[in-house]
Amino acid sequence: MKYQLHFTIPAFPNPNLMPEDYEYWVPLMKYFIEKSDTIEIHCWNEEKEVIKETKALVQDDPELPEDMKLTIFRGILTYDISHRLLYDHIAETENIKWFSIFLSKGDTTMFHSEHWGTEFFAPNLSEEEIAYITSVMPKDTNFNQYE
């Protein structure tokens, strides 16, 4: 049986209560990066340095929806992007650099990270996969598992 998993770190939705550390980030992201081949990244337009850095990584031009105040990058999940997501993910503000990250394999959604790495969604997971995710997340993470 496969499950959907929505999980949050209690800091959300108050950005002033971001996690004290992001030890969970690398094992969680690595797990889903290895299953994915495409990426979509959302940044708020005012995050100029993050946008500049992300634009250098993602080969396609970003989308700038007028009504959302977001810069949206889409592209192939390359080694360089994966490496940056895993090992250069903390912004000067000491939180995750990207507001949202969506990982896919073709047209199949694999994973969402939103609100600077404090809210997550992963579809079609086995009980073993959920056990792994639970093991790498902070103890106070809120999990909502459903069919």
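The coordinates are above.
Small disclaimer: the values here were computed from a predicted structure and weren't measured.

1. Looking at the sheet that holds strand 3 (residues 70-76)
By way of backbone hydrogen bonds, the strands of a sheet pair with one another, either parallel or antiparallel.
Point 1. Pairing is antiparallel across the open sheet formed by seven strands, whose spatial order is 3-2-4-5-6-1-7. The open sheet has two edge strands with one neighbour each: strand 3 and strand 7 (142-146). Recorded for the sheet is a direction-independent mean angle of 15° between the axes of neighbouring strands.
Point 2. In this structure, strand 2 (residues 38-44) lies alongside strand 3, joined through seven bridges in antiparallel fashion. Bridge assignment links isoleucine 41 to a residue of strand 3, and that residue is phenylalanine 73.

2. What about the environment of glutamate 63?
Point 1. Along the chain, glutamate 63 turns up in the loop between helix 2 (48-57) and strand 3.
Point 2. Relative accessible area serves as the criterion here: at 35%, glutamate 63 is assigned to the partly exposed category.
Point 3. Distance in space between the C-alpha atoms of glutamate 63 and proline 123 is 26 Å, their sequence separation being 60 residues.
Point 4. Leave out the neighbours within four places in its chain, and glutamate 63 touches Leu70, Thr71, Ile72 and Arg74.
Point 5. At 2.4 Å, the side chain of glutamate 63 and the side chain of arginine 74 are in polar contact.

3. Considering the packing of helix 1 (residues 25-33) against helix 4 (residues 127-136)
Point 1. Where helix 1 contacts helix 4, the two axes come as close as 9 Å, and the packing angle between them is 150°. Put simply, helix 1 runs roughly antiparallel to helix 4. On the side of helix 1, the interface is formed by Pro27, Leu28, Tyr31 and Phe32, while helix 4 contributes Glu129, Tyr132, Ile133 and Val136.
Point 2. Classifying every residue of the contact of helix 1 with helix 4 gives seven nonpolar, no polar and one charged.

4. Notes on the pattern of salt bridges
Point 1. Within this structure, the stated rule accounts for seven salt bridges.
Point 2. One salt bridge in this structure joins glutamate 40 and arginine 74, with 2.9 Å as the shortest N-O distance. Remark: arginine 74 occurs in strand 3 and glutamate 40 occurs in strand 2; sequence separation between them is 34 residues.
Point 3. On the accessibility criterion, glutamate 40 (19% relative accessible area) is buried.
Point 4. Assessed through its relative accessible area of 37%, arginine 74 is described here as partly exposed.

5. Regarding the packing of aromatic side chains
Point 1. Within the structure shown, the criterion is met by ten aromatic pairs.
Point 2. Taking the centre distance of 4.9 Å and the plane angle of 25° together, the rings of phenylalanine 7 and phenylalanine 120 count as stacked. Here the residue phenylalanine 7 occupies a position in strand 1 (residues 3-8), and phenylalanine 120 occupies one in strand 6 (residues 119-125), the gap between them amounting to 113 residues.
Point 3. With relative accessibility at 0%, the residue phenylalanine 7 sits in the buried group.
Point 4. Measuring from centroid to centroid gives 5.1 Å for tyrosine 31 and phenylalanine 32, while their planes differ by 85°, and the two rings are edge-to-face.

6. Brief notes about unusual backbone geometry
Point 1. In this structure, glutamate 94 takes a positive phi of about 70° despite not being glycine.
Point 2. For glutamate 94, the position within the fold is in the loop between helix 3 (79-87) and strand 4 (100-105).
Point 3. Since its relative accessible area comes to 62%, glutamate 94 is described here as exposed.
Point 4. Even without a glycine there, the phi angle at histidine 115 is positive, about 50°.
Point 5. For histidine 115, the position within the fold is in the loop between strand 5 (108-114) and strand 6.

Criteria and cut-off values
Residues numbered from 1 in each chain as written. Predicted model: local features only at pLDDT ≥ 70, side-chain atom pairs only at ≥ 80, totals over all residues. Heavy atoms only, no water. Pairing = 2+ DSSP bridges. Helix = DSSP H or I, 4+ residues; strand = E, 2+ residues; numbered from the N terminus. Axes fitted to C-alpha atoms, helices over the stretch in contact; angles between N-to-C directions. Buried < 20%, exposed > 50% of the residue type's maximum accessible area, 1.4 Å probe, protein only. Contact = heavy atoms within 4.5 Å. Polar contact = N/O pair within 3.5 Å; in protein donor to acceptor, adjacent residues only side chain to side chain. Parallel < 35°, antiparallel > 145°, perpendicular 65-115°, else oblique. Nonpolar A, V, L, I, M, F, W, Y, C, P; charged D, E, K, R; others polar. Salt bridge = Lys/Arg side-chain N within 4 Å of Asp/Glu carboxyl O. Phe/Tyr/Trp six-rings, centres within 6.5 Å; stacked < 30°, edge-to-face > 60°.

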